[in-house]
Structures are given as C-alpha cells and as structure tokens.
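Chain by chain, the residues:
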Amino acid sequence: MSWLWAIIVGFVLGLIARAILPGKQHIPLWLTTVFGIIGSVLGNWVATGIGVNDTKGIDWTRHLLQLIGAVVVVGVGDFAWNALRGNKQKA
C-alpha cells in the first residue's frame, strides 16, 4: 500500500510544484507524478540528513522540504524534457 501513497503524494506535490513554477510546463501528467515522487524522496533524504524527518505531530519541515524538492525536480525535469524533445523555452 505504500507504493499507492507514494504515487498519490507524488501526484499532489508535482501539481503544486507546477502551480508554483512560473510559466507553463510542457511535461505530461505522468511525468509530473514521477518528478513529484522523486522530489518527495529527495526532501525526505534531506530531512533525514538534518534530523527533522520524525517529529511529534505534523512534520511541517519535512513536508516543506518535500515540496521544495518537487519544485526543483519539476523545474529541472521540465527543462530537460524540453531539451530532449527539441522544444524551445520561452522566457
């Protein structure tokens, strides 16, 4: 069941990351979900590294780090997707 939660959280984080990033992202929805999952894992890794991965109550710092990871991965992933597909980025 944890894989299902990973997909759901990745989907939600990917969509939030796309909403935060300026402009239009040209990646498909399935790739947004994958990038959200990767960003979530990256955020969890950083949270573990700084010792805030498990606190009493809601882990707001960990969730914020997951979102930051998703924003970074979606932003870089969108750039890479466009570069591989030959789409020109508009500033």
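The preceding data block contains the structure.
Residues numbered from 1 in each chain as written. Predicted model: local features only at pLDDT ≥ 70, side-chain atom pairs only at ≥ 80, totals over all residues. Heavy atoms only, no water.

**Observations regarding the overall build of the chain**
Secondary structure assignment for the chain yields three helices and zero strands. Starting at the N terminus and walking to the C terminus, you meet the elements of the chain as α-α-α. Principal-axis analysis of the C-alpha atoms gives the chain an extent of 45 × 30 × 20 Å. Taking all 91 residues of the chain together, 33% fall into the buried category. The contacts of the chain with a sequence gap of at least 6 include a subset with a gap of at least 24, amounting to 60%. Working note: accessible area of the chain is about 6,200 Å², and carbon and sulfur atoms make up 72% of it. (Helix = DSSP H or I, 4+ residues; strand = E, 2+ residues; numbered from the N terminus. Buried < 20%, exposed > 50% of the residue type's maximum accessible area, 1.4 Å probe, protein only. Contact = heavy atoms within 4.5 Å. Areas by Shrake-Rupley, 256 points an atom, 1.4 Å probe, with all protein chains shown as cover.)

**A look at a nonpolar patch on the surface**
Among the surface-exposed residues, Trp3, Leu4, Trp5, Ile7, Ile8, Val9, Phe11, Val12, Leu15, Ile16, Ile20 and Leu29 lie close enough to one another that they form a single nonpolar patch of about 1,100 Å² accessible area. Among the elements that make up the nonpolar patch, the one with the highest residue count is helix α1 (residues 2-20) (eleven residues). By the secondary structure assignment, isoleucine 8 is in helix α1. Using a relative accessible area of 37% as the deciding quantity, one classes isoleucine 8 as partly exposed. (Patch = residues over 30% accessible without salt bridge, like charges linked within 9 Å, V, L, I, M, F, W, Y side chains within 5 Å. Salt bridge = Lys/Arg side-chain N within 4 Å of Asp/Glu carboxyl O.)

**Quick word on the pattern of salt bridges**
Side-chain pairs of opposite charge can arise where the charged atoms are in close proximity. Going through the model one piece at a time under the given rule, you end up with one salt bridge. The shortest N-O distance in the salt bridge between arginine 62 and aspartate 59 comes to 3.1 Å. We note that arginine 62, like aspartate 59, is buried.

**A word on the nonpolar core**
Within the largest apolar cluster, eleven residues are counted, these being Leu13, Ala17, Leu21, Ile27, Leu31, Phe35, Leu67, Ala70, Val71, Val73 and Val74. No other element matches helix α3 (residues 60-85), which puts five residues into this core. (Core = buried A, V, L, I, M, F, W, Y, C linked by side-chain atoms within 4.5 Å.)

**Considering α3**
Relative to the 38 Å expected for 26 residues at 1.5 Å per residue, α3 spans 37 Å between its end C-alpha atoms, a close match to the ideal helical length. Buried within α3 are the following residues: Arg62, Leu65, Gln66, Leu67, Gly69, Ala70, Val71, Val73, Val74, Gly77, Asp78 and Asn82. Turning to α3, the residues buried within the fold contact α1 and α2 (29-50). Count one or two residues on from α3 and you reach glycine 86, which has phi positive near 85°. (Expected span 1.5 Å × (residues − 1).)

**Some words on the environment of valine 73**
Along the chain, valine 73 falls in helix α3. For valine 73, a relative accessible area of 14% translates into the label buried. Residues in contact with valine 73, not counting those within four places in the same chain, are Phe35, Ile38, Gly39 and Leu42.

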